[in-house]
Amino acid sequence: MDINFSDDFLVQGKFSIKKSSTAYKGKLTKEEGEKLLILEKVKLRELQERLYSDGSQSLLVVLQAMDAAGKDSMIEHVFGGVNPQGCNVISFKTPSSREYSHDFLWRHYLALPKKGMIGIFNRSHYESVLVCKVHPEYNLNEKTWKSVKDFDEKFWENRYESIRNFEKHLTDNGTTIVKIFLHVSKDEQKKRLLDRINEQEKNWKFSAADLPERALFDKYMDCYETAINETSKDYAPWFVLPADDKWFARVAAIQIIIDALEKMKLKYPKLSEEDKEGLKEAKKQLENEK
């Protein structure tokens with residue numbers, strides 16, 4: 001099965017969220033997609049091992065989406081086969097008072113993957129130009145600003161610039177960034193939220209806070225469109241995946257991640273002649289043990 005979606009959802013040029021599909025409309029079936037995902041997980045495991053042993057670069061995967069779009073299950077199904085010692089997942093919640101006492105990027109710096117590692121941001125620094133743009137009063141917690149009137153066009157331009165500079169700095173220093181937006185429709189979100197209410201084993205997933213945010217769905221879409229257009233760069237591209245079909249979003253995501261790792265041209269460390277001789281001696285000693 002020679003199917004690859006790595007470049008199909010890359011944002012190039014002006015991005016329009018209304019023109020971007022939320023549903024997969026190709027010929028791959030769900031059964032074929034699930035089989036393909038299994039094969040791709042084997043590739044990802046091998047590439048992660050190579051990344052870890054090479055130790056010269058890192059990968060940061062940024063996942064953004066509306067509530068119930070499938071971020072958690074994406075992480076489970078895509079990264080479920082990797083070695084947990086080489087992978088770190090950070091879920092960013094509302095900043096603490098300590099985090100608010102620093103600049104908005106500070107806590108994200110602390111969570112970055114070290115060389116040889118895969119880091120996954122479940123929500124990310126983009127919340128500062130998404131939820132904080134829909135609810136500008138949240139920015140007052142930083143104590144730098146006096147009024148919501150301070151959050152004018154120039155303020156947001158500075159935030160986008162800070163994010164671009166942050167990501168450029170990371171990529172200049174050995175971190176490859178892959179940013180994925182799981183684009184779910186409002187109708188599909190409604191279905192999934194109802195499932196959380198109707199299915200007892202999913203009740204724990206439902207939060208009453210999801211409904212007020214759902215009422216602002218269109219505002220969030222505007223913010224996503226702007227943020228993606230402002231920050232999708234060659235060094236840190238955005239991929240917008242149709243997420244109404246979870247199985248397909250997982251296949252596309254894992255292929256994008258594999259492609260990013262393959263472009264790193266990772267290699268296993270080469271042993272020196274002295275080390276090779278040491279291995280031969282160690283082998284001899286082990287084989288001669290009684």
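Refer to the structure presented above.
These lines cover the structure that appears in this document, whether it is placed above or below. (Residues numbered from 1 in each chain as written. Predicted model: local features only at pLDDT ≥ 70, side-chain atom pairs only at ≥ 80, totals over all residues. Heavy atoms only, no water.)

When its secondary structure is counted, the protein shows 11 helices and five strands. Seen along its three principal axes, the alpha-carbon backbone of the protein occupies a region of about 75 × 45 × 40 Å. Each of the 290 residues in the protein was classed as buried or not, and the buried ones make up 46%. Of all intrachain contacts in the protein linking residues separated by at least 6 positions in sequence, the fraction that spans at least 24 positions is 81%. On the protein, roughly 16300 Å² of surface is accessible, and the fraction owed to carbon and sulfur atoms is 49%. In the protein, 48 positive and 48 negative side-chain charges are present, and the distance between their average locations comes to 1 Å. (Helix = DSSP H or I, 4+ residues; strand = E, 2+ residues; numbered from the N terminus. Buried < 20%, exposed > 50% of the residue type's maximum accessible area, 1.4 Å probe, protein only. Contact = heavy atoms within 4.5 Å. Areas by Shrake-Rupley, 256 points an atom, 1.4 Å probe, with all protein chains shown as cover. Lys, Arg positive; Asp, Glu negative; His and termini not counted. Charge placed at Lys NZ, Arg CZ, Asp CG, Glu CD.)

Moving on, we come to a negative patch on the surface. On the surface, Asp150, Asp152, Glu153, Glu157 and Glu161 cluster together into a negatively charged patch. Residue placement: glutamate 157 occurs in helix H6 (residues 153–172). Overall, glutamate 157 belongs to the partly exposed group, its relative accessible area being 38%. (Patch = residues over 30% accessible without salt bridge, like charges linked within 9 Å, V, L, I, M, F, W, Y side chains within 5 Å. Salt bridge = Lys/Arg side-chain N within 4 Å of Asp/Glu carboxyl O.)

This part is about the nonpolar core. If you look at the biggest cluster of nonpolar residues, it comprises 79 residues, and the most contacted ones within it are Leu44, Leu59, Phe79, Leu182, Leu241 and Leu261. If we ignore the near neighbours within four places in the chain, the residues touching leucine 182 are Gln64, Ala65, Ala69, Gly70, Lys71, Met74, Leu241, Ala243 and Ala249. (Core = buried A, V, L, I, M, F, W, Y, C linked by side-chain atoms within 4.5 Å.)

In this section: the sheet that holds strand E3 (residues 118–122). The five strands are arranged E2-E3-E1-E4-E5 in an open sheet whose pairing can be described as parallel. Both edges of this open sheet fall to strand E2 (87–91) and strand E5 (238–242), since each of them pairs with a single strand only. This sheet shows a mean twist of 20° between the axes of neighbouring strands, independent of strand direction. Relative to strand E4 (residues 175–183), strand E1 (residues 58–65) runs parallel, the two sharing eight bridges. Residue pairing in the sheet places serine 58 in a bridge with threonine 175 of E4. Docked against the sheet, H6 engages E1 and E4, running at close to 135° with respect to E4. Against the sheet, helix H9 (residues 217–231) contacts E1, E4 and E5, and its axis sits at roughly 155° relative to E4. (Pairing = 2+ DSSP bridges. Axes fitted to C-alpha atoms, helices over the stretch in contact; angles between N-to-C directions.)

Tallied over the full model, the rule gives 17 salt bridges. Lysine 35 is paired through a salt bridge with glutamate 31; the nearest N and O atoms lie 3.7 Å apart. In this pair, lysine 35 and glutamate 31 both sit in helix H1 (residues 30–54), four residues apart, roughly one turn of the helix. Of the charged contacts in the structure, one is a salt bridge between glutamate 273 and lysine 276, with a shortest N-O distance of 3.7 Å. Of the two residues, glutamate 273 and lysine 276 both sit in helix H11 (residues 273–287), three residues apart, roughly one turn of that helix. Three or more residues joined by partner-sharing salt bridges are found here, namely Asp67, Arg123 and Glu127.

Now for the pairing of E5. E5 sits mainly inside the fold: five of its five residues count as buried. With burial as the criterion, each face of E5 is covered, one bearing Trp238, Val240 and Pro242 and the other bearing Phe239 and Leu241. In the sheet, E4 pairs with E5 via five bridges, with the strands oriented parallel. Looking at E5, one finds that isoleucine 180 is bridged to phenylalanine 239.

Taken N-terminus to C-terminus, the directions of H1 and helix H2 (residues 71–79) make an angle of 70°; their axes are 9 Å apart at the nearest point. Classified by the interaxial angle, the pair formed by H1 and H2 is roughly perpendicular. In this structure, H1 uses Leu37, Lys41 and Leu44 to contact H2, whose residues at the interface are His77, Val78 and Phe79. The residue inventory of the contact of H1 with H2, partitioned by class, reads four nonpolar, one polar and one charged. (Parallel < 35°, antiparallel > 145°, perpendicular 65-115°, else oblique. Nonpolar A, V, L, I, M, F, W, Y, C, P; charged D, E, K, R; others polar.)

This part is about the state of the cysteines. Considering all chains together, one arrives at zero disulfides under this definition. Distance from the sulfur of cysteine 132, which forms no disulfide, to the nearest cysteine sulfur (cysteine 223) is 10 Å. Here cysteine 132 falls in the buried class, since its relative accessible area comes to 12%. By relative accessible area, which is 8% here, cysteine 223 ends up buried. (Disulfide = S-S within 2.5 Å.)

Counted under the stated rule, the structure contains 14 aromatic pairs. Geometrically, the ring pair formed by tyrosine 24 and phenylalanine 248 is stacked, given 3.9 Å between the ring centres and 15° between the ring planes. Of this pair, tyrosine 24 sits in the segment before H1 while phenylalanine 248 sits in helix H10 (residues 246–263), and the two are 224 residues apart along the sequence. Side by side, tyrosine 24 and phenylalanine 248 carry an identical accessibility label, which is buried. A ring pair is formed by tryptophan 247 and phenylalanine 248, whose centres lie 5.9 Å apart and whose planes are at 80°; its orientation type is edge-to-face. Following the ring pairs from residue to residue traces out a cluster consisting of Phe5, Phe9, Tyr24, Trp247 and Phe248. Just above the ring of phenylalanine 104 sits the side chain of arginine 159; from NZ or CZ to the centre is 4.2 Å. (Phe/Tyr/Trp six-rings, centres within 6.5 Å; stacked < 30°, edge-to-face > 60°. Lys NZ or Arg CZ within 6 Å of the ring centre and 35° of its normal.)

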